[in-house]
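This is what each chain is made of:
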Amino acid sequence: MIEVVNPTTEEVLGTVRAGTVGDVDTAVTRAVTAFPAWAATSVQERLAVVRAVADGLSERAAEFASTMTAEMGTPITFASRVQVPNPIGIARGVETTLSGGYFDGEEIGNSLVLREPVGVVAAITPWNFPLQQMVAKVVPALAAGCTVVLKPSELAPFTADLLASVLSAAGVPEGVFSLVHGTGPVVGEALATHPMVDMVSFTGSTRAGRRVSALAAGTVKRVALELGGKSANVVLDDADLARAVKIGVANAFMNNGQACSAWTRLLVPAPRHDEALEVAVAAAAKHVPGDPTVPTTRLGPAVSAAQRDRVVDYIRQGASEGAQLALGGPDAPTSRGFHVAPTVFGQVRSDMTIAQEEIFGPVLSVMPYTDEDDAVRIANSTVYGLGGAVFSADPARALAVAKRLRTGQVDINGAAFNTSAPFGGYRQSGNGREFGRHGLDEFTELKSIQR
């Protein structure tokens, strides 16, 4: 059995059964058996299921929010405003795409080009945005006509159980969707190597993504990866500095700093570094670690003791490499719970570890640059390319800089997140895209019929 620990109280919430290789084989076999009938259903039938799933998520929104707060520590206000609404938006986006003639085909010369389901999909999802990432994989895969075996994170399994009940109530048949709890080295690797799995859709660390790719290569199955990030918030010299920094801090610390697309590097003009650092410290200091079940809490705990220790080690390394520790530090801010103090470093260079590696905690690096070209160079100086931001008083200038960033998404002047736009990364932030039409594309094969 796997114990699920509340990261705020350090108490055991409950247990789930640790799946085995045999459990994976049983689930995959059921998915293979169920695939022909599910793939043959009409678009309208699958559309009705997707609509029912979206409705079910809406109806149980409060239950999903409280469950995520309990098992992975996300503040309840963030859970209610982001962690649940985003998945609902993703499901509605799939509904819209299906309604728009997605599977009608395209005439190219004497060819009819069709999209067909890729087959049996293994969905392996993380703990930090558990519902969002499960919905982003499972719903479009089902909508495409695929069957799915889901392995959620063992740190946030109860959210997966709730989703499974919503899928069942929505009319997803037996075998079309299966849930297997367990660890990555056992269940995850069994799915990645299984010869009857046609595709693996994985969200997690870059290290684990490399492992999934290597294992899946043995059977040449399709692999979609959404991995780590080290996103830069580029504040140009004509921007409203205070506004840009405050928005940037909120983004860097969202979900307790545990977001792959968080803007963890704040790039500012060198002459205004100290001013930006002062604003960042004041904004970050308002993220007081506390009980995430309290609506006013902005910063909850790390998901586990191991994750807390990992973040603290990075903070110590940042200080040892000469970064200016302006707020926070490695000391525990509370006596109970896996909390990390909100931490801000100044005068961070791009060759420092904290500027290159994903920390996944409430740690912000303020980095000075000399000119626009230098800012772009610094922004593109990591192995990642998932998210990013540009702030400028001139929208055209901001757009020009955004186009130079080697990253899958860029927000200009604090623009809203869009669950219908493609989400994914360049380089070691992964491959493939999620959300909207592009997310549905991932779970289909193209067939050309000449006539």
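In the block above lies the structure referred to throughout.
Keep in mind that this is a model prediction, so the values were computed, not measured. (Residues numbered from 1 in each chain as written. Predicted model: local features only at pLDDT ≥ 70, side-chain atom pairs only at ≥ 80, totals over all residues. Heavy atoms only, no water.)

**A word on the pattern of salt bridges**
A side chain with one charge can pair with a side chain of the opposite charge if their charged atoms come near.
Moving on, step 1. If you walk through the whole model with that rule in mind, you get 23 salt bridges.
Moving on, step 2. For Arg 17, the salt bridge is made with Asp 23, and the minimal N-O distance between the two is 2.5 Å.
Moving on, step 3. For Arg 17, a relative accessible area of 48% gives the class partly exposed.
Moving on, step 4. Judged by its relative accessible area of 22%, Asp 23 falls in the partly exposed class.
Moving on, step 5. Where Glu 107 meets Arg 451, a salt bridge forms, and the shortest distance between an N and an O atom there is 2.4 Å. With a gap of 344 residues between them, Glu 107 in strand β3 (residues 106-108) and Arg 451 in the segment after β18 (444-450) connect regions that are remote in the sequence. Accessibility assignment for this pair places Glu 107 and Arg 451 in one class, exposed.
Moving on, step 6. Each member of the salt-bridge network shares a partner with another, and the members are Asp 237, Asp 238, Glu 372, Asp 373, Arg 397 and Arg 404. (Salt bridge = Lys/Arg side-chain N within 4 Å of Asp/Glu carboxyl O. Buried < 20%, exposed > 50% of the residue type's maximum accessible area, 1.4 Å probe, protein only. Helix = DSSP H or I, 4+ residues; strand = E, 2+ residues; numbered from the N terminus.)

**Concerning the packing of aromatic side chains**
Each aromatic ring pair is characterised by the separation of its centres together with the angle its planes make.
Moving on, step 1. Per the stated rule, a full pass over the model turns up seven aromatic pairs.
Moving on, step 2. Taking the centre distance of 4.8 Å and the plane angle of 85° together, the rings of Tyr 102 and Phe 103 count as edge-to-face.
Moving on, step 3. With a centroid separation of 6.1 Å and an interplanar angle of 75°, the aromatic rings of Phe 417 and Phe 423 are classed as edge-to-face.
Moving on, step 4. Put simply, the rings of Phe 417, Phe 423 and Phe 435 touch in pairs and so form one group of aromatic residues.
Moving on, step 5. Above the face of the Phe 103 ring, Arg 46 is positioned so that its terminal group lies 5.3 Å from the ring centre. (Phe/Tyr/Trp six-rings, centres within 6.5 Å; stacked < 30°, edge-to-face > 60°. Lys NZ or Arg CZ within 6 Å of the ring centre and 35° of its normal.)

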